[in-house]
Amino acid sequence: MDDLMELLHSGNHSLVVANGDVCTFDGHGVSDLYSLFNEDSGFLKGASVVDKIVGKAAAALMILAEIKEVHTDVISQLALDLFAGSGISVSYVTVVPHIINRTQTGWCPLETRCQDCLTPQDCLCRIEEFIKLKSDK
């Protein structure tokens with residue numbers, strides 16, 4: 001995981017996924033993770049994932065994809081609570097109560113949408129609604 005963290009930071013990537021091959025991503029929020037989940041979920045199954053920030057939505061996608069382990073710089077308590085009992089190894093640098101938005105004026109929109117969800121599947125429904133709304137604009 002240390003090598004993957006080095007790659008994440010040295011390349012200024014937002015996400016690194018290793019499962020045989022190592023792939024880097026540079027999108028915002030959960031966009032790359034969501035695309036990978038939908039287009040190549042087999043690559044995520046059993047993968048090691050390094051992400052700069054993990055909120056509840058990202059945690060849900062990782063749980064549903066059945067990743068093996070995740071390391072992040074920042075994780076929300078909401079995400080940690082969702083990971084509990086998932087069998088996924090989670091390591092992090094900092095825990096925050098919730099993820100904030102890019103303008104630092106409030107909660108991340110997906111953290112807000114997923115905060116009351118009880119299961120990863122419930123979160124997925126909220127994520128899909130959010131992405132559909134964004135694509136309709």
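Model, not experiment: these values are computed from the prediction.

Chemist: Give me the lowdown on the overall build of the protein, citing residues and values where you can.
Modeler: Scanning the protein from terminus to terminus reveals 7 helices and 5 strands. In summary, the protein has a C-alpha radius of gyration of 14 Å against a globular reference of 14 Å for 137 residues, a match within 12%. If one aligns the C-alpha atoms of the protein with their principal axes, the spans along those axes are about 35 × 35 × 30 Å. For the protein, restricting intrachain contacts to residue pairs at least 6 apart in sequence, the fraction spanning at least 24 positions comes to 39%. Looking at the protein as shown, the accessible area adds up to about 7300 Å², and 51% of this sits on carbon and sulfur atoms. Averaging the locations of the 10 positively and 19 negatively charged side chains of the protein gives two centres separated by 8 Å.

Chemist: Residues and numbers for the nonpolar core, please.
Modeler: Formed by 38 residues in total, the largest nonpolar core has its most connected members in V17, L44, V49, V54, M62 and F83. For this core, the element with the most residues is helix 4 (residues 56–65), which contributes 8 residues. For M62, the residues in contact, after removing those within four places along its chain, are L33, V49, D51, V54, I67, V70, F83 and I88. If you look at the next biggest cluster of nonpolar residues, it comprises 6 residues, including L8, V16, A18 and V50.

Chemist: Would you mind going over helix 1 (residues 2–10) in detail, with residue names and values included?
Modeler: Buried within helix 1 we find L4, M5 and L8. Seen end-on, helix 1 carries its buried residues on one side only, within an arc spanning 100°. Looking at helix 1, the residues exposed on the side facing more than 90 degrees away from the buried face are D2, D3, E6 and S10. The elements touched by buried residues of helix 1 are strand 1 (15–19), strand 2 (21–25), strand 3 (48–54) and strand 4 (69–76). After helix 1 finishes, the residue N12 shows a positive phi value of roughly 50°.

Cut-offs and rules
Within every chain, residues take consecutive numbers counted from 1 along the sequence as written. Local features in a predicted model are, by the rule used here, given only for residues with pLDDT of at least 70; side-chain atom pairs are given and counted only at 80 or more, and totals for whole chains, interfaces and linings are based on all residues. Only hydrogens and water are set aside; all other atoms, that is, all heavy atoms of the structure, feed into the side-chain values. Secondary structure elements follow DSSP: runs of H or I of four or more residues count as helices, runs of E of two or more count as strands, with numbering from the N terminus. We take the radius of gyration over the C-alpha atoms and set the globule estimate at 2.2 Å times the residue count to the 0.38 power. Contact between two residues is taken to exist if any of their heavy atoms lie within 4.5 Å; hydrogens are not considered. Per-residue and other accessible areas were derived by the Shrake-Rupley procedure at a 1.4 Å probe size, with only the shown protein chains allowed to occlude residues. Working convention for charge: Lys and Arg count positive, Asp and Glu count negative, and His plus the chain ends are omitted. Lys charges are placed at NZ, Arg charges at CZ, Asp charges at CG and Glu charges at CD. The criterion is simple. A nonpolar core is a set of buried Ala, Val, Leu, Ile, Met, Phe, Trp, Tyr and Cys residues joined through side-chain atoms within 4.5 Å. Each residue's exposure class comes from its accessible area (1.4 Å probe, protein chains only) as a fraction of the maximum for that residue type: buried when under 20%, exposed when over 50%, partly exposed otherwise. The arc under discussion is defined with respect to the helix axis, by the directions toward the C-beta atoms.

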